[in-house]
Amino acid sequence: MPDIRDNNFDIVIIGSGPGGFSAANRALDYGLHVCLIEKSHLGGAGVINGVLTSKTMYELSMDYSVAARIDRGYRASALSVDYNQVRHTVLEAAREKQYQMRSQIETFTNKPSLGSISLVNGHARFLNENVVEVSSKNEAFEISGKHFIIATGASPRQLPDVKTDGKRIITSDDILSLSRFPERMLIIGSGIIGCEFATIFSNFNQTQVHLLDRSNRVLPYEDDDVSRFVSNNLEKNGVEVHHTAQLRCIREHPDHLEVVLDYAAGHSKVIEVDLALVAIGRVPNTKDLGLENIGVSPDKRGMLCVKDSGQLESTKDHKNIYAIGDITGHTQLYSVAEFQGRMAVESIMNNVCYTPDYSNMSTLMFFKPEVAAVGANEKTLQEKSVGYRAVFYSNALVNRAIAMRNTHGFVKILVSNDNKQRILGMRAAGPQASAFIVAVAHLINQGNSVSEVLKIFYPHPSITEGIQECMRALASKSIYKPLAFPDHIIVSEWNPGDPITQTPKDEEIKKNK
Ligand SMILES: Cc1cc2nc3c(=O)[nH]c(=O)nc-3n(C[C@H](O)[C@H](O)[C@H](O)COP(=O)(O)OP(=O)(O)OC[C@H]3O[C@@H](n4cnc5c(N)ncnc54)[C@H](O)[C@@H]3O)c2cc1C
Ligand SMILES: NC(=O)c1ccc[n+]([C@@H]2O[C@H](COP(=O)([O-])OP(=O)(O)OC[C@H]3O[C@@H](n4cnc5c(N)ncnc54)[C@H](O)[C@@H]3O)[C@@H](O)[C@H]2O)c1
């Protein structure tokens with residue numbers, strides 16, 4: 001194992017998030033020696049101030065909201081929740097994962113024939129194409145390597161006129177620094193992070209949550225029915241959603257924040273809150289990486305352009321430098337960063353067996369109820385002028401959901417509008433949606449059509465029966481008929497030339513103004 005001082009690592013990885021960590025561990029399989037440089041938390045946003053911590057908080061909040069129910073024959077007495085205890089549990093989850101990561105790193109220390117990962121704490125910046133300088137509190141030193149993987153992730157985007165202070169005006173990075181539930185909070189941005197935290201805080205029922213949605217629907221990239229479903233659920237959970245509202249300003253007073261919102265209809269509203277959470281997207285971490293020393297500049301959006309292999313795409317020949325994860329401009333997801341990390345190592349080892357297909361990605365959205373997505377939606381198909389048939393099947397007709405007394409959800413599947421009826425995408429909401437989405441991802445990947453699904457025995461009672469009933473409905477063979485349940489089973493189609501039924505994305509709205 002090379003010493004970090006007189007080193008020449010096989011791969012130097014900057015950032016230990018899902019991208020960097022998966023790359024380092026795939027490199028172990030090849031017996032390579034890796035230097036993994038991390039300036040902050042091991043695991044990046046995959047663990048802290050990101051996926052694992054927010055999902056732990058979500059699970060706790062869902063448990064709490066179930067415990068608070070009084071309509072199912074049980075009633076918890078004296079139910080209470082303390083933010084510090086929640087925080088403690090969330091941090092416990094993060095530590096559990098970080099110890100697993102460290103255990104693996106330690107397992108491979110001092111076994112040079114098996115490959116190794118040397119974890120180095122500090123901020124890395126390129127000095128040239130073969131050397132980075134790592135600076136920590138007390139020292140700075142150089143590390144050289146044959147290959148480099150930039151996996152530095154992204155950070156919360158800031159509003160130009162509102163300065164975050166980490167205490168009263170915060171981003172998702174500061175959630176774990178709070179010491180108590182705010183009484184009133186405003187979430188600025190109604191994308192995934194905004195809607196997830198609105199769900200979490202409203203589930204705990206200690207906070208009056210306001211959600212600012214600058215357009216007329218949350219999750220602007222999803223189809224209108226999904227967006228409406230999520231928005232209605234938030235409102236049912238007690239969230240006040242301010243549609244078509246722009247933030248004019250936040251005035252800071254000693255004991256509260258005064259927020260001025262301007263609505264598209266022309267009126268304004270002043271509200272008082274204790275906390276404002278800015279959740280308006282994430283920008284790539286390219287600052288102070290020494291990119292100028294290797295002749296690389298990010299694109300207009302600040303992203304690093306890469307080839308399918310992850311190799312940097314630039315005017316200079318950077319065959320030994322890769323970039324992966326949130327910094328690359330692909331969808332900012334854990335699974336994408338992890339996939340790209342592994343792909344970069346395969347490319348370094350000349351062992352790439354397939355090219356990534358980003359069109360069938362699965363996403364889970366942690367709302368109440370959860371929503372899962374894979375492949376195309378109506379909006380993207382209409383934008384591309386691809387004809388399709390769509391079928392919506394409500395969980396109201398699914399026995400497992402009836403047994404759970406939890407029928408608020410649906411499966412919506414899109415197939416090509418030809419005699420093949422190839423499965424193009426699915427959106428599902430309700431219990432267990434996150435567990436079965438990947439089954440449909442496989443069907444899409446294999447180019448399967450409706451007829452394939454009709455041959456399979458779906459276990460009973462399972463939530464997945466909704467998928468099969470959807471497919472049967474497309475073939476006009478469902479057990480329950482759209483005629484009998486017009487609100488629960490809806491089959492429709494769209495073809496190029498038909499009017500656009502899905503609200504265009506924000507950019508198009510702005511362009512047309
Ligand atoms: C609140 C929240 C919830 C999320 N929930 C989900 C979810 O449910 N599902 C999902 O798929 N995705 C989710 N995401 C997105 C997911 O976290 C990211 O897509 C993923 O972490 C990206 O991985 P990465 O390896 O590219 O970067 P990161 O995880 O951001 O890791 C980058 C690492 O690089 C380090 N670093 C940066 N610059 C330097 C430097 N110069 N030197 C040394 N180290 C450096 C950083 O400290 C960081 O640890 C969520 C994100 C947030 C913020
Ligand atoms: N469950 C998951 O998979 C999950 C969870 C959290 C985060 N993530 C990832 O993290 C990324 C970042 O999440 P996010 O929610 O911050 O970004 P996002 O892109 O999902 O949503 C940003 C929202 O902020 C709005 N917005 C932008 N500028 C604004 C402004 N000036 N004023 C008001 N609203 C404004 C946008 O219209 C949009 O609704 C996501 O793209 C996602 O890939 C994934």
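Source: prediction; values computed, not measured. (Residues numbered from 1 in each chain as written. Chains lettered and ligands numbered in written order. Predicted model: local features only at pLDDT ≥ 70, side-chain atom pairs only at ≥ 80, totals over all residues.)

> Please explain the domain arrangement of the protein chain as it appears in this structure.
A common way to state how big an interface is: give the accessible area lost once the parts meet. According to the domain assignment, the protein chain consists of domain 1 (8–66 + 73–155 + 283–358), domain 2 (169–280) and domain 3 (369–511). For domain 1 and domain 3, the distance between their C-alpha centroids amounts to 34 Å. (Domains from an automatic or database assignment.)

> Would you mind showing me how to read the packing of helix α3 (residues 51–67) against helix α5 (residues 192–204) here?
A pair of packed helices is captured by two measures, namely the crossing angle of their axes and the spacing between those axes. At their nearest, the axes of α3 and α5 sit 8 Å apart, and the two run at 35° to each other. The handedness of the crossing between α3 and α5 is left-handed. Residues S54, M57, Y58, S61, M62, Y64 and S65 of α3 pack against E196, T199, I200, N203 and F204 of α5. Residue composition of the contact of α3 with α5, grouped by class: six nonpolar, five polar and one charged. (Axes fitted to C-alpha atoms, helices over the stretch in contact; angles between N-to-C directions. Helix = DSSP H or I, 4+ residues; strand = E, 2+ residues; numbered from the N terminus. Left-handed = near helix turned anticlockwise from the far one by under 90°. Contact = placed C-beta atoms within 7 Å. Nonpolar A, V, L, I, M, F, W, Y, C, P; charged D, E, K, R; others polar.)

> I tried to follow the site of ligand 2 on my own but got confused; where do I start?
If you check the shell around ligand 2, you find 25 residues, and the closest are G189, G191, I193, I280 and Q332. Contributions of two or more residues to the shell around ligand 2 are made by α5 and β18 (362–365). Looking at which element gives the most residues to the shell around ligand 2, the answer is α5, with four residues. Grouping the amino acids of the shell around ligand 2 by side-chain chemistry returns 13 nonpolar, eight polar and four charged. There are two domains that each give the shell around ligand 2 at least three residues, and those are domain 1 (8–66 + 73–155 + 283–358) and domain 2 (169–280). (Near = placed C-beta within 6 Å.)

> I keep staring at the UniProt feature "binding site: FAD" (unreviewed entry) in the protein chain and nothing clicks. Help me out?
On the UniProt side, "binding site: FAD" (unreviewed entry) is annotated at positions that read K55 and D326 here. Mapped onto the fold, K55 is located in helix α3. Take K55: there are 16 C-beta atoms within 10 Å of it, and that puts it in the partly exposed class. The topology assignment puts D326 in the loop between β17 (321–323) and α7 (334–348). The class of D326 is buried, set by 30 C-beta atoms lying within 10 Å. Not counting the four nearest positions on each side in its chain, D326 is found in contact with G153, A154, R282, P284, Q332 and A337. (UniProt positions renumbered as here; feature names shortened; annotations may be inferred. Buried ≥ 20, exposed ≤ 12 C-beta atoms within 10 Å, placed from the backbone.)

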